[in-house]
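Tertiary structure, described
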Amino acid sequence: MSDQTLPPNSPNAQTPGSRNRGSQNSSPENSGGHYVNPAPFDPQSVAALTPEQERYYMASQWRIMWWKFKRHKLAVYSGVVLLMMYFVAVFCEIFAPYNLHSRHIDFIHAPPQGIHLFHEGEFVGPFVYGYDYRLNMENLRREYTPNPEKVEKLRFFCSGESYKFWGLIEGDFHLVCPAENGTAFFWGTDRLGRDLLSRIFYGSRISLTIGLIGVAISFVLGTIIGGIAGYYGGWVDNVVQRAIEIFKSFPELPLFMTLSALLPVSWSPIGVFFGISVILGLLDWPGLARAVRSKLLSLREEDFCTAAQLMGASPSRVIGRHLLPSFASHLIASATLAIPTMILGETALSFLGLGLRPPITSWGVLLNEAQNINVVALYPWLMLPVQPVILVILAFNFLGDGLRDAADPYK
Amino acid sequence: MLGYTVRRILTMIPTLLAISFIIFVIIQLPPGDFLETEIAEMQAQGEAVDPEKIEYLRREYGLDKPFLEQYAVWVFGLVQGDLGFSFEHQLPVNEVIGDRLWLTFVVALATILFTYAVAFPIGIYSAVRQYSVGDYVLTFIGFLGLATPNFLLALVLLYFANLWFGTSIGGLMDPKYVDHPWTWSKVSSILEHLWIPVIVIGTSGTAAMIRRLRANLLDELQKQYVITARAKGLSPLKVLLKYPLRMAINPFIADIGNVLPQLISGAVLVSVVLSLETTGPMLVRALQSQDMYLAGSFLMFEASLVVIGVFISDLALAALDPRIRLAGGATK
């Protein structure tokens, strides 16, 4: 049996026995069911790649990640939802039917107006029923009843309240406007008669950006500190590790609250906004630093890192040029997962009245009005800003999950 | 085990010291001290300010001493159970907070127990019955619990309790027991009220734990020894409980270090919304009026609660897993 495994030109193959057996097998008449392919032997036949395989094996790492990410349907949808929300946040002047601060003193605490399509069995297109207002003299409540006589047809792509787009360009173009002399409070109004839906649109600008600024700060801090700890190891690593442990044993929110209570009252709202995002970023870095450190600890032992060092690259170049790019995808995934925490942190702070203050409007500031159970019981629609908060947090979590799975595409 | 415990306690002390130092720095950060604000207020009201009296007060509160000495005085006070002086209430912090520290502790403990009690069976169920309808439903609820900020959950619960039962679910005991001495009826009243805050605070932590236990257990269930055990004819329950669960439970206990800060953070917010008689609402009020010693002692208390909780979970972990206590203090 041993001779069959040997190459044909080896000395053993020349023995008569083996040659005889070989000639018997190759002759078709007495093959006895043993098939031999008559085609010439091509050693490349197994190694050649099908077009699909070639596409996969030749693809860059980022491309494979994209393919893997696309398979995580929930993450893709969440990404789309988030893109849409950021789009609305950028162009909120156009999407919001009213301005941020425009007050309607005749419609204080008006409940949401439902959108209807049919009036008395007849199709009219999207419209709302106008409100009749009555002050209940028994309990002094403002009561609004939809009046079926007042059919107020919504206008689309129309000119409504004028605004300054981004504080720069004058305009009055809106996606949806109420009818002339009509109202359109889809999600009700607050205690000053301001349209809640419009305020939520405007609030998204603050709520969605505060997470990005905070994550940018914590990203820079986390990569630098974690990078130094992981690259140098030794006592530097020890010090950073202890610092991280100490930071981690603070309950986050009380610390946020204490620090934001320290922001001087005299600061302008914009100053407070940046102060809060800096605080959120300053306290979030330990998690990221830890991830960077553990990755670096394993990567610095790799050959390409030694090679770079031998060629005389400085530590900052080795970390920045060679090590960081090899796990940038992981970093992006963990940063994505850190954003919802920050959004929640800001919401919680503003909800308690320790964070942003009006006239800056974020979702937390809007929820601040719903802090009191009496208010909530009477005007439940003031709790509606909860919806975008939950939606954004869920979406960021799913997106981060998908990114994390895709970050390691060769698994 | 004893050596490990001692080592662990020794590492805990510098951590607590560092935390207290950071907190003290934060307390001292606002420009000026309490007396200056007080003087400005008195002058604004047209009262004559006696410089001698101010000097006396400054000495009394130790505000004339250098920073480090003030810190030392504060820390020694903490160790002896003296939490400092609340400027707003003009009372020692100990008297201001009364039962609040204990109640905070009780709520935190009950929440942890709840988290374990709920996360454990659900985590096992959704790992063993992976991709079943129950798993999907529980996973979805878990994600929702993870994403819903618990103060919003508290708010929504308040609303529905008001809508359906017409009662307020706020508070931690019947109002008549507040500031009452401890009696059995007070304790039972607290137990009656405890479950709502516990559920509200515990939701997100429970959801996180379910996810982690499920992932851990799934990893273990795929391993060869499980197949071997099954092939040898062990009953499914025994296969599950005896081997993979034991392996999966380690990170589960270690996870308390992550969950506990979250729980305590959440507890502060929830207690404001539900107006519980814990440290939360008072902390917020103290921060709003910049009564920094009061706020500082709450912060210190809550951070110590986390450190001690992590310590206990480390001990439990070491008791469960000999590799940890033999590995010379490395807990990771």
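Residues numbered from 1 in each chain as written. Chains lettered and ligands numbered in written order. Predicted model: local features only at pLDDT ≥ 70, side-chain atom pairs only at ≥ 80, totals over all residues.

Some points on the overall build of chain A
Rule in force here: Secondary structure elements are taken from DSSP: a helix is a run of H or I of four residues or more, a strand is a run of E of two residues or more, and numbering for both begins at the N terminus. With the radius of gyration taken over C-alpha atoms, the globule rule is written as 2.2 Å times the number of residues to the power 0.38. To assign burial, the other C-beta atoms lying within 10 Å of each residue's own C-beta are counted, with C-beta atoms placed from the backbone; 20 or more indicates buried, 12 or fewer indicates exposed, and intermediate counts indicate partly exposed. Each residue gets a C-beta atom placed from its backbone, and two residues are in contact if those atoms lie within 7 Å.
On a plain count of helices and strands, chain A comes out with 16 helices and five strands. For chain A, whose C-alpha radius of gyration is 33 Å, the value lies well above the compact-globule estimate of 22 Å for 411 residues. Taken along the three principal axes of its C-alpha coordinates, chain A extends 120 × 65 × 40 Å. Of all 411 residues assigned to chain A, the portion counted as buried reaches 36%. Pairs at least 24 apart in sequence give 69% of the contacts found in chain A among residues at least 6 apart.

A closer look at the overall build of chain B
Along the backbone of chain B there are 16 helices and two strands. A total of 332 residues make up chain B; the buried ones form 36% of that total. Sequence-distant contacts in chain B: of pairs separated by 6 or more residues, those separated by 24 or more amount to 72%.

Thoughts on the packing of helix α9 (residues 252-262) of chain A against helix α10 (residues 269-299) of chain A
Residue and element names in this part refer to chain A. Applied cut-off: Angles here are taken between N-to-C directions and fall from 0 to 180 degrees, while the axes themselves are lines fitted to C-alpha atoms, restricted in helices to the stretch in contact. Crossing handedness: left-handed means the near helix sits turned counterclockwise from the far one by under a right angle, and right-handed means the same turn made clockwise. Classification used: nonpolar for Ala, Val, Leu, Ile, Met, Phe, Trp, Tyr, Cys and Pro, charged for Asp, Glu, Lys and Arg, polar for all others including Gly.
Contact pair α9 / α10: the axes reach a minimum separation of 10 Å and the direction vectors enclose 145°. Judged by the sense of rotation from one axis to the other, the crossing of α9 with α10 is right-handed. Seen from α9, the contacting residues are Glu252, Leu255, Phe256, Leu259 and Ser260; seen from α10, they are Ile276, Ile279 and Leu283. Partitioned by chemical class, the residues of the contact of α9 with α10 number six nonpolar, one polar and one charged.

A look at the packing of helix α13 (residues 328-352) of chain A against helix α16 (residues 386-407) of chain A
Residues and elements named next belong to chain A. Stated formally: In these notes the angle categories are as follows: under 35 degrees is roughly parallel, over 145 is roughly antiparallel, 65 to 115 is roughly perpendicular, and the rest is oblique.
Between α13 and α16, the least distance of the axes is 8 Å, while the angle of their chain directions is 165°. Here α16 runs roughly antiparallel to α13, going by the angle between their axes. Like other packed secondary-structure pairs, α13 and α16 cross with a definite hand, here left-handed. Between α13, through Ser329, His330, Ile332, Ala333, Thr336, Leu337, Ile339, Pro340, Ile343, Leu344 and Thr347, and α16, the contact on the second element is made entirely by Val389, Val392, Ile393, Phe396, Asn397, Leu399, Gly400, Leu403, Arg404 and Ala407.

Quick notes on the pairing of strand β3 (residues 141-153) of chain A
All names here are of chain A. Keep this limit in mind: Between any two strands, at least two bridges found by DSSP are needed for them to pair.
Here strand β2 (residues 122-136) pairs with β3 via nine bridges, running antiparallel. Across the sheet, residue Phe127 finds its bridge partner in β3, namely Lys153. Count of turn residues in the β2/β3 antiparallel hairpin: four residues, of which Leu140 carries a positive phi of about 55°.

A look at the pairing of β2(A)
Residue and element names in this part refer to chain A. Sheet topology places strand β1 (residues 116-119) next to β2; three bridges connect them, and they run antiparallel. When the bridges of β2 are listed, His116 appears paired with Phe127. Hairpin connection from β1 to β2: two residues lie between these consecutive antiparallel strands, with Glu120 at a positive phi of about 50°.

Looking at the interface of chain A and chain B
Listed as interface residues are 33 residues of chain A and, on the opposing side, 37 residues of chain B. Element by element, the count of residues in the side of chain A that touches chain B is highest for α9(A), at nine residues. Here the side of chain A that touches chain B is composed, by residue class, of 26 nonpolar, four polar and three charged.

Comments concerning helix α10 (residues 224-231) of chain B
Structural remark: α-helix, 3.6 residues per turn; residues separated by three or four positions point the same way. Among the eight residues in α10(B), zero count as buried, and that is only a small part of the element. One or two positions beyond α10(B), positive phi appears at Gly233(B), with a value near 90°.

So, the nonpolar core
Quick reminder of the rule: Only buried residues count toward a nonpolar core: Ala, Val, Leu, Ile, Met, Phe, Trp, Tyr and Cys, linked into one set through C-beta atoms within 7 Å. Note: domain ranges come from an automatic or database domain assignment.
Within the largest apolar cluster, 145 residues are counted, with the highest numbers of intra-cluster contacts made by Met257(A), Phe151(B), Ala154(B), Val270(B) and Val273(B). Structurally, this core is a two-domain feature, drawing no fewer than three residues from each of domain 1 (1-99 + 277-321) and domain 2 (110-247) of chain B. In contact with Met257(A), other than residues within four places in its own chain, are Leu349(A), Leu352(A), Leu354(A), Val284(B) and Leu287(B). Counting residues in hydrophobic clusters, the runner-up holds eight residues, among them Phe107(A), Ala110(A), Val128(A) and Ala184(A).

Notes on the sheet that holds β2(A)
All names here are of chain A. Taking strand neighbours across the sheet as the criterion, the three strands line up as β1-β2-β3 in an open arrangement whose pairing is antiparallel. The strands lining the two open edges of the sheet, one partner per strand, are β1 and β3. Within this sheet the neighbouring strands show an average axis-to-axis angle of 55°, counted without direction.

Quick notes on unusual backbone geometry
Residues and elements named next belong to chain A. Even without being a glycine, His109 presents a positive backbone phi close to 55°. Mapped onto the secondary structure, His109 falls in the loop between α6 (92-95) and β1. Positive phi outside glycine occurs at Phe157, with the angle close to 45°. Take Phe157: it is sitting in strand β4 (residues 155-165).

With respect to the environment of Ala335(A)
Residues and elements named next belong to chain A. Among the structural elements, Ala335 can be located in helix α13. With 188 residues separating them along the chain, Ala335 and Asn147 place their C-alpha atoms 50 Å apart. The residues contacting Ala335, other than those within four sequence positions of it, are Val215, Phe219 and Leu288.

Some points on the confidence of the model for chain B
Rules: For every residue, the predictor reports its confidence as pLDDT, a number between 0 and 100.
When pLDDT is averaged across chain B, the result is 77; 83% of the residues are at 70 or more. Quick note on the complex model: pTM equals 0.76, ipTM equals 0.73.

A short note on helix α8 (residues 150-164) of chain B
Test applied: By definition here, a helix of n residues has an expected span of 1.5 Å times n minus one.
Its 15 residues give α8(B) an end-to-end C-alpha distance of 21 Å, which sits within 8% of 21 Å, the value for a rise of 1.5 Å per residue. Looking at the buried side of α8(B), the elements it contacts are α13, α15 (373-378) and α16 of chain A together with α9 (184-221) and α13 (256-273) of chain B.

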